[in-house]
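Structural description and commentary
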Amino acid sequence: MYFNIIFLLPLIVVEAQRNPTISYITREQITNIGGVINLECSVQFAQDYPIFWSRIDPSAPRDSLTLSSGSSMMIRDNRFSLRHDTATSTYTLQIKDIQESDAGTYQCQVVITMTNKITADVQVLVRMPPIISDNSTRSVVVSEGQAVRLECYAGGFPPPKIYWRRESNAILPTGGSLHRGSILNIPRVTKEDRGTYYCVADNGVGRGSRRNINVEVEFAPVLTIARPRVGQALLYDADLECHVEAYPPPAITWIKDGFVLTNNQHYQVSIFATADEYTDSTLRAVTVEKKQYGIYICRAANKLGINQANVELFETVVPVCPPACHVSRNQGAISNSLNLAVFATCVFITLVKIVES
């Protein structure tokens, strides 16, 4: 008889050791200042390995800040807390009262060895109102005909959009009342382009940001004579007026017969600056004499050029008011006689009209 001998060998099941993994990580977070975010990191087969949450600087990894280890916080900041769900092996880092400085990269780490670790990153973005950068243009002084480049840059999140407009929504040199983009180019500036320009940055967060940029255009004098011909009777004052537009402010002189006129018993020169670019000058001929009738020159000059315009003073029989109606500078018996004659003439004309009616 043959016996079948069966040897029953114990079944040995060797379970291969599985490597730890990060099975889930929160996606990119976008939040407002003062908000709350929860960053979740789920791991598998990592019960024997340390788990960390860190904030890292991608450009300088060694400067990373460890926030938590396992289920314990490593920093003392009441805004940060950690929850550990043992059922799902999930480590949740909560950040409350979000600040601008909280934006950055947060990393969940499973450390296997000193030189080996498994990581997953979460980007945290904080909505911030736009702030116009200091390297933006503040003010410009340029001569007429030159090119002007206005620059405006702004930070914030989402990245702000930048547009330009002028004071009172005046038309821009580029055409239209609005120009989009960080740079506004004026290829050939004119005096009409001077004024205040607004750089506006807006990203839908807050009220936006605005910078006023003053553009000063230097230009040669432009003269305007409101009354090219001025009449006045003998022995009465006469005012000759000259309006000048120029920047920088010009030097203004009055000339007659080749001589520059100054304040004396025959003339009074006054100059009034009504704005940076506007200047009014008045030449008063005092108690006009025969020799004072004729052509006067108003001349204005600055570093950009010289310009001039003529005003003619001619004789009239009846005094012209103003300035004759305000203060008469007539002196002596001649002037008094003339005043009486004018008065008598007016009375005579009035009486004739009454009789005829």
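Residues numbered from 1 in each chain as written. Predicted model: local features only at pLDDT ≥ 70, side-chain atom pairs only at ≥ 80, totals over all residues. Heavy atoms only, no water.

What counts is decided by this rule: UniProt positions are given in the numbering used here, feature names are shortened, and annotations may be inferred rather than shown by experiment.
Under an unreviewed UniProt entry, the name given to the chain is Ig-like domain-containing protein, and the organism recorded is Strigamia maritima. Taken verbatim from the UniProt record of the chain, the Subcellular location (unreviewed entry) comment is "Cell membrane".

**Here we look at the overall build of the chain**
The condition that has to hold: Here a helix means four or more residues in a row that DSSP labels H or I, a strand means two or more in a row labelled E, and each is numbered from the N terminus. Throughout, exposure labels follow a simple rule: accessible area from a 1.4 Å probe, protein chains only, divided by the maximum for the residue type, with under 20% read as buried, over 50% as exposed, and the rest as partly exposed. Per-residue accessibility takes into account occlusion by the displayed protein chains alone, with areas from the Shrake-Rupley method and a 1.4 Å probe.
What the chain contains, in helices and strands, is 1 helix and 26 strands. Counting the 357 residues in the chain, one finds 36% classified as buried. Surface exposure of the chain reaches about 21,800 Å², of which carbon and sulfur atoms provide 54%.

**Section: the packing of aromatic side chains**
Any two aromatic rings considered together are summarised by their centre-to-centre distance and by the angle between their planes. As a reminder, the rule being used: Between the rings of Phe, Tyr and Trp (Trp by its six-membered ring), a pair exists once the centres lie within 6.5 Å; its type follows the angle of the planes, with under 30 degrees stacked, over 60 edge-to-face, and the other angles tilted. In this analysis the charged atom, NZ for Lys or CZ for Arg, is taken to sit over a ring once it is within 6 Å of the ring centre and within 35 degrees of the ring normal.
Tallying each qualifying case throughout the model produces 1 aromatic pair. An angle of 70 degrees between the planes, with centres 6.0 Å apart, marks the rings of Tyr267 and Tyr296 as edge-to-face. On the criterion of sequence distance, the pair formed by Tyr267 in strand E23 (residues 267-273) and Tyr296 in strand E25 (residues 294-302) is long-range, its members being 29 residues apart. Residue Tyr267 shares its accessibility class with Tyr296, and that shared class is buried. Across from the ring centre of Tyr198, 4.1 Å away, lies the NZ or CZ of Arg210, which sits over that ring. Across the ring face of Phe314, the terminal group of Arg229 is positioned such that the distance to the ring centre comes to 4.2 Å.

**Digging into the sheet that holds strand E19 (residues 229-232)**
Put simply, the rule reads: The pairing criterion is simple: DSSP has to find at least two bridges between the two strands.
With mixed pairing, 5 strands are arranged side by side in an open sheet as E19-E26-E25-E21-E22. Two strands lie at the open edges of the sheet, namely E19 and strand E22 (259-260), each paired on one side alone. Pairing analysis gives 2 bridges linking strand E21 (residues 251-256) to E22, with the strands arranged antiparallel. Within E22, the position partnered with Lys256 by the bridge is Phe259.

**So, the nonpolar core**
Nonpolar side chains in soluble globular proteins tend to end up buried together. The line we're drawing: Here, nonpolar core means buried Ala, Val, Leu, Ile, Met, Phe, Trp, Tyr and Cys residues that are tied together by side-chain atoms lying within 4.5 Å of each other. Two residues form a contact once any of their heavy atoms are found within 4.5 Å.
Among the nonpolar cores identified, the biggest contains 23 residues, and Ile22, Leu39, Val43, Ile51, Trp53, Leu93 and Tyr106 are the most heavily contacted of them. Sorting the residues of this core by element identifies strand E3 (37-44), strand E4 (51-56), strand E7 (80-85), strand E8 (90-95), strand E9 (104-113) and strand E10 (116-132) as the ones contributing at least two each. No other element matches the 5 residues that E10 contributes to this core. Apart from the residues lying within four places of it in its own chain, the contact partners of Ile22 are Cys41, Ser42, Val43, Cys108, Val110, Ile118, Thr119 and Ala120. With 22 residues, the next largest nonpolar core counts Ala246, Ile252, Val288 and Ala300 among its residues.

**Quick word on the state of the cysteines**
For clarity, the threshold we go by: Any two cysteine sulfur atoms within 2.5 Å of one another count as a disulfide.
For the structure on display, the rule yields 3 disulfides. Covalently, Cys152 is tied to Cys199 through a disulfide, its sulfur atoms 1.6 Å apart. Here the S-S torsion is close to -60 degrees, and the disulfide linking Cys152 with Cys199 is therefore left-handed. Linking Cys152 in the loop between strand E12 (148-151) and strand E13 (154-157) with Cys199 in strand E17 (residues 195-202), this pair joins segments that are 47 residues apart in sequence. With respect to burial, Cys152 and Cys199 carry one shared label: buried. Disulfide pairing is shown between Cys242 and Cys298; the S-S distance is 2.1 Å. Around the S-S axis, the bridge from Cys242 to Cys298 shows a dihedral of about -85 degrees and counts as left-handed. Taken together, the positions of Cys242 in strand E20 (residues 238-247) and Cys298 in strand E25 put the pair 56 residues apart, joining distant regions of the chain.

**Focus: the sheet that holds E8**
Counted only if it meets this: Whenever a helix is involved, its axis is fitted only over the stretch in contact; in every case the axis is a line through C-alpha atoms, and angles between N-to-C directions fall within 0 to 180 degrees.
Overall, antiparallel pairing links the 4 strands, which are arranged E1-E3-E8-E7 in an open sheet. If you trace the sheet from one side to the other, it starts and ends with strand E1 (21-25) and E7, each paired once. The average angle at which neighbouring strand axes cross in this sheet is 20 degrees, direction not considered. With 6 bridges joining them, E7 and E8 adopt antiparallel strand pairing. Paired with Phe80 across the bridge in E8 is Ile95.

**Overview of unusual backbone geometry**
Put simply, Tyr247 and Pro248 share a cis peptide bond, and its omega is 0 degrees. You will see that Ser89, though not glycine, has its phi angle at about 50 degrees, which is positive. You will see that Asn169, though not glycine, has its phi angle at about 55 degrees, which is positive. Residue placement: Asn169 occurs in the loop between strand E14 (161-166) and strand E15 (179-180). Judged by relative accessible area, Asn169 falls into the partly exposed class, the value being 46%.

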